[in-house]
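Now for the letters of each chain:
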Protein chains: 2
Amino acid sequence: MEGFSFDSLFELLEQGNLKQLREELIDLNVVDIAEFLETTPIDKLLLIFRILPKSLAAEVFAYLETDNQAKIVNSITDTELSYLVEELYVDDAVDFLEEVPASVVRRVLASATPQTREVINRVLKYPENSAGSVMTTEMVEFHNRYTVREAIAQIRRTGLDKETIYTCYVINDHRKLKGVLPLRRLLLAEEDTLIKDIMVEDEQVISVNTHDDQEQVADMARKYDLLSVPVVDNENRLVGIITIDDIVDIIEEENTEDLEKMALMTPSEETYLKTGVFTHAKSRILWLMILMVSSTLTEQIINGFENSLAMFVGLTACIPMLMGTGGNAGNQTSTLIIRGLALGEVTVKDYFRVLWKEVRVSLICGGALAVGNFARMWLLAQWGIQPVSGVTAILVVCIAMMLGVVVAKCIGCTLPIAVKLIHLDPALMAGPMITTIVDGISLVIYFAVARMLLM
Amino acid sequence: MEGFSFDSLFELLEQGNLKQLREELIDLNVVDIAEFLETTPIDKLLLIFRILPKSLAAEVFAYLETDNQAKIVNSITDTELSYLVEELYVDDAVDFLEEVPASVVRRVLASATPQTREVINRVLKYPENSAGSVMTTEMVEFHNRYTVREAIAQIRRTGLDKETIYTCYVINDHRKLKGVLPLRRLLLAEEDTLIKDIMVEDEQVISVNTHDDQEQVADMARKYDLLSVPVVDNENRLVGIITIDDIVDIIEEENTEDLEKMALMTPSEETYLKTGVFTHAKSRILWLMILMVSSTLTEQIINGFENSLAMFVGLTACIPMLMGTGGNAGNQTSTLIIRGLALGEVTVKDYFRVLWKEVRVSLICGGALAVGNFARMWLLAQWGIQPVSGVTAILVVCIAMMLGVVVAKCIGCTLPIAVKLIHLDPALMAGPMITTIVDGISLVIYFAVARMLLM
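Residues numbered from 1 in each chain as written. Chains lettered and ligands numbered in written order. Predicted model: local features only at pLDDT ≥ 70, side-chain atom pairs only at ≥ 80, totals over all residues.

1. Some points on the overall build of chain A
1) Next: A tally of regular secondary structure across chain A gives 24 helices and seven strands.
2) Next: For chain A, the C-alpha radius of gyration of 30 Å lies well beyond 23 Å, the compact-globule estimate for 455 residues.
3) Next: Counted over contacts in chain A with a minimum sequence separation of 6, partners at least 24 positions apart contribute 70%. (Helix = DSSP H or I, 4+ residues; strand = E, 2+ residues; numbered from the N terminus. Rg over C-alpha atoms; globule rule 2.2 N^0.38 Å. Contact = placed C-beta atoms within 7 Å.)

The structure is reproduced here in structure tokens:
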């Protein structure tokens with residue numbers, strides 16, 4: 001199915017034919033209903049939200065943007081709000097409450113039943129991006145004395161309110177997590193079997209602690225192909241689960257965060273268009289300033305060679321090309337290593353293997369580039385449009401380029417791994433950072449080679 | 001659960017206590033068994049693989065690296081191979097067959113039953129990275145005349161061989177996809193209900209075509225929170241499904257590919273360490289060469305200002321800093337826009353909103369940087385270590401920097417969107433490309449400002 005056109009819905013909305021609009025909306029996927037609502041002006045959005053069947057409205061609510069959610073909460077009655085809060089899964093309620101003003105939070109919590117309020121408050125208290133803060137508490141849990149028949153009966157009775165029924169969890173009298181029971185096993189087993197005889201137990205149970213980072217949850221789910229990850233407290237008591245749809249969102253969020261760090265920006269949780277101009281500026285200015293100040297070094301290097309440069313102005317013209325090539329070469333390597341570290345395909349222990357590989361790759365790349373550059377400059381010199389003339393001067397540039405590429409690639413693999421070793425985020429050692437460091441080194445190499453061959 | 005130590009397993013292996021080793025392995029998760037096998041030498045790997053229970057061995061096989069899979073296939077008998085092929089899910093078999101030499105493929109297909117062979121051959125024919133090529137054909141499908149009782153009975157009978165039973169698909173006499181039935185609905189319904197009365201139908205059925213790109217499958221699953229996506233042919237006949245565990249892998253693969261393109265490398269399917277030196281070099285050299293050659297332009301620009309530079313050598317020293325700042329500023333913007341486009345948070349239609357935002361952000365960032373730079377250069381000049389002295393010269397650098405940042409950010413948002421508009425991959429317009437383009441422009445601005453104020 002390709003995209004979805006809302007034209008007929010807009011027409012009905014314009015005609016004020018709400019009855020027909022409601023009929024059409026009910027037939028749609030909740031995600032599409034939410035998307036349609038997002039495109040309507042706020043007064044229409046509130047209107048349509050209220051004509052939806054109550055339980056469908058609650059489902060749609062979870063897919064709306066925070067600002068529209070807040071407007072809906074402000075426009076509905078306490079009774080409606082109370083129903084909405086009870087219908088929402090705890091993780092969706094918490095997602096919303098984490099973003100809205102305290103006054104809205106107070107009103108929402110006041111509308112909840114004491115039990116729901118207690119649960120929401122507990123989840124709200126976990127540190128940001130921890131497993132506890134993204135989990136939901138609506139999971140299927142059985143006592144380990146249950147039979148298959150009892151387990152299936154319980155699912156039929158309570159399954160509608162659970163975020164997922166496809167992976168069930170088995171606990172003992174003290175709520176300790178003893179096993180995992182995929183619904184498939186349950187359904188294919190004999191009715192009188194005890195669930196503790198068919199559950200996955202001991203070493204095979206994968207779980208995370210409430211305080212683990214959400215990134216670890218995603219790594220776990222990806223590695224073990226899980227549909228949901230159980231979250232336990234320090235005493236191994238089951239307190240919640242994180243389902244695969246949320247894990248997919250976490251994966252994309254972490255990937256975005258890595259990319260933003262790699263471009264040296266403070267990661268933001270909001271989408272590009274929703275982020276204000278000042279927030280954008282604030283998240284970008286710090287590193288731009290740091291890199292700008294640190295290029296004082298390259299200035300001093302060029303400054304130190306002032307006299308040589310005045311003699312050979314042609315040498316100056318090649319500086320951007322040499323720096324650019326070094327930066328690009330280092331950027332390629334650091335990107336590969338940062339990604340490899342993030343996916344666990346490269347570890348700190350692999351450093352010497354990586355370095356040895358990069359040395360060889362950079363010799364090939366650097367060599368090819370040097371030859372290419374020689375051809376380029378020689379041709380340009382023939383046509384009389386090259387600042388550097390004379391084979392020696394061209395050779396200086398080519399040798400400097402080759403050495404620069406080798407050094408850049410070595411730095412490009414060393415820094416992310418070094419940073420990982422001291423438990424910082426390797427993503428910081430991406431393009432812009434590598435480029436700034438490589439710039440100075442490229443210059444030193446260039447001038448050293450020039451000095452040896454030309455003076 | 002944190003990582004997993006294989007020490008005790010290695011000990012058993014060393015003692016040659018295979019019986020005990022087998023017992024311990026059986027208790028592990030298949031993913032961990034595969035990981036353990038990967039760390040043993042190939043002769044031990046083959047040995048352990050053969051002592052595992054046959055069906056467990058088949059499961060483990062799917063998680064091994066291709067080269068080890070090929071070695072196993074070469075070492076087992078035709079009967080064992082035949083069992084293995086039938087046990088594997090079609091998508092895992094195809095993943096493996098796509099990577100191994102033709103001789104191995106022939107032997108595997110010869111060992112398969114005619115039916116399995118036909119299915120594998122069909123899936124192998126779909127273009128790389130298409131939905132058809134990553135799907136599996138082991139899905140639960142019901143005829144739309146079934147009752148809930150009949151449907152559950154069929155799942156109990158055949159569920160063990162299906163890749164997932166949690167989303168079932170409803171087809172008519174012509175195998176056309178008529179509806180989707182989450183197992184949850186089935187399990188919570190009355191036994192005599194007709195499944196066509198409880199299935200999700202019409203507009204709500206999300207499916208992809210066999211020839212759609214795998215990226216579209218991932219987008220669909222992410223947007224609609226699906227556990228599996230049905231794949232249909234041009235006549236809307238159900239031919240396979242793609243499950244969420246494979247979709248998670250697709251998402252990570254697409255993210256890696258985007259990153260590699262952003263660093264201007266030809267994307268590779270293998271992990272960093274598994275890729276050979278020449279393949280690494282080949283995937284990196286093309287763009288390095290193109291960017292190197294294109295910096296001929298910056299050389300010519302500097303060349304054109306040769307005389308002015310000879311007069312004011314100090315100006316030269318600031319070139320790297322100005323270019324670097326412009327490149328970093330443009331890189332930040334293009335990263336955000338490329339990511340926004342990939343996640344669908346930014347579309348081509350948003351261009352003018354984006355541009356207007358970037359103009360304002362860049363004025364703030366550029367202004368702050370100019371002020372910061374003025375302070376830096378003025379201080380350095382006081383200490384007598386700055387090449388450019390005199391307030392006018394410093395002002396030239398600051399004004400050029402401010403203008404450079406504004407232009408860089410405008411280019412950084414324009415190029416990815418422009419490239420998207422002509423249906424190319426925006427990821428190509430990332431850091432290195434933007435930097436190369438911005439370099440020349442920064443220079444032109446710098447020299448223009450210098451000419452106006454200094455000469």
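2. A few points about the sheet that holds strand S6 (residues 228–232) of chain B
Residues and elements named next belong to chain B.
1) Next: Taking strand neighbours across the sheet as the criterion, the three strands line up as S5-S6-S7 in an open arrangement whose pairing is mixed. This sheet does not close on itself; its edge strands, each paired only once, are strand S5 (208–209) and strand S7 (238–243).
2) Next: Of the strand pairs in this sheet, S5 and S6 are connected by two bridges, and their pairing is parallel. The residue bridging Asn209 from the neighbouring strand is Val232, located in S6.
3) Next: Packed on one face of the sheet, helix H16 (residues 244–262) meets S6 and S7 and runs near 65° to S7. (Pairing = 2+ DSSP bridges. Axes fitted to C-alpha atoms, helices over the stretch in contact; angles between N-to-C directions.)

3. A look at the relation of the copies chain B and chain A
1) Next: Rotating chain B by 180° and moving it 0.0 Å along the rotation axis overlays it on chain A with an RMSD of 0.1 Å. A rotation of that kind, with that shift, is consistent with a two-fold axis.
2) Next: When you check the interface residues of chain B against chain A, 100% turn up at the interface there too, and the contact is symmetric in its surfaces. (Least-squares fit on C-alpha atoms with pLDDT ≥ 70 in both.)

4. Re the interface of chain B and chain A
1) Next: If you look at the interface, chain B gives 98 residues, while chain A gives 98 residues.
2) Next: Grouping the constituent residues of the side of chain B that touches chain A by class yields 51 nonpolar, 25 polar and 22 charged. (Nonpolar A, V, L, I, M, F, W, Y, C, P; charged D, E, K, R; others polar.)

5. Comments concerning the domain arrangement of chain A
1) Next: Here chain A is described as being made up of domain 1 (7–127), domain 2 (141–251) and domain 3 (277–454).
2) Next: For domain 1 of chain A versus domain 3 of chain A, the separation of C-alpha centres amounts to 52 Å. (Domains from an automatic or database assignment.)

6. Thoughts on the confidence of the model for chain A
1) Next: Per-residue confidence for chain A gives a mean pLDDT of 85, with 96% of residues at or over 70.
2) Next: Across the assembled chains, the prediction reports ipTM 0.82 with pTM 0.83. (pLDDT = per-residue confidence, 0-100.)

7. Let's talk about the sheet that holds strand S4 (residues 200–201) of chain B
Residues and elements named next belong to chain B.
1) Next: The strand order across the open sheet formed by four strands is S1-S2-S3-S4, and the pairing between neighbours is mixed. Strands with a single pairing partner mark the edges of an open sheet, and in this sheet they are strand S1 (141–143) and S4.
2) Next: Judged from the five bridges that link them, strand S2 (residues 167–171) and strand S3 (residues 177–182) form a sheet pairing that is antiparallel. Residue pairing across strands places Ile171 opposite Leu177, the latter belonging to S3.

8. Let's talk about the environment of Arg145 of chain A
All names here are of chain A.
1) Next: Here Arg145 lies in the loop between strand S1 (141–143) and helix H12 (148–158).
2) Next: Assessed through the 12 C-beta atoms surrounding it within 10 Å, Arg145 is described here as exposed.
3) Next: In this structure the C-alpha to C-alpha distance between Arg145 and Glu86, which are 59 residues apart in sequence, comes to 30 Å. (Buried ≥ 20, exposed ≤ 12 C-beta atoms within 10 Å, placed from the backbone.)

9. Focus: the environment of Arg117 of chain A
1) Next: In this fold, Arg117 of chain A is placed in helix H10 (residues 114–124).
2) Next: In contact with Arg117 of chain A, other than residues within four places in its own chain, are Leu109 and Ala112 of chain A.

10. Some remarks on the pairing of S7 of chain B
Residues and elements named next belong to chain B.
1) Next: The element S7 is extensively covered by neighbouring structure, given that six of its six residues are classed as buried.
2) Next: Examined bridge by bridge, S6 and S7 share five bridges and lie antiparallel to one another. Looking at S7, one finds that Val231 is bridged to Gly240.
3) Next: Taking the residues between adjacent antiparallel strands as the criterion, S6 and S7 are bridged by five residues, where Asn236 takes a positive phi near 65°.

11. Section: the packing of helix H16 (residues 244–262) of chain A against H16 of chain B
1) Next: Closest axis-to-axis distance for the H16 of chain A/H16 of chain B pair is 11 Å, and the angle between their directions is 5°. By the criterion of interaxial angle, the relationship of H16 of chain A to H16 of chain B is roughly parallel. Residues Ile244, Val248, Ile251 and Asn255 of chain A of H16 of chain A pack against Ile244, Val248, Ile251 and Asn255 of chain B of H16 of chain B.
2) Next: Looking at the contact of H16 of chain A with H16 of chain B, its residues break down into six nonpolar, two polar and no charged. (Parallel < 35°, antiparallel > 145°, perpendicular 65-115°, else oblique.)

12. Observations concerning the pairing of S6 of chain B
1) Next: Burial of S6 of chain B is extensive: five of the five residues sit out of reach of the surface.
2) Next: The alternating pattern of S6 of chain B places Ser228, Pro230 and Val232 of chain B on one face and Val229 and Val231 of chain B on the opposite face, and all of these are buried.

13. Quick look at the packing of helix H18 (residues 296–304) of chain B against helix H24 (residues 431–454) of chain B
Residue and element names in this part refer to chain B.
1) Next: Two numbers describe how H18 lies on H24: the axes approach to 9 Å, and their chain directions differ by 10°. When the interaxial angle is binned, H18 and H24 end up roughly parallel. The residues of H24 that touch H18, namely those facing Leu297, Thr298, Ile301 and Ile302, are Asp439, Gly440, Leu443 and Val444.
2) Next: Among the residues making up the contact of H18 with H24, the classes are represented as five nonpolar, two polar and one charged.

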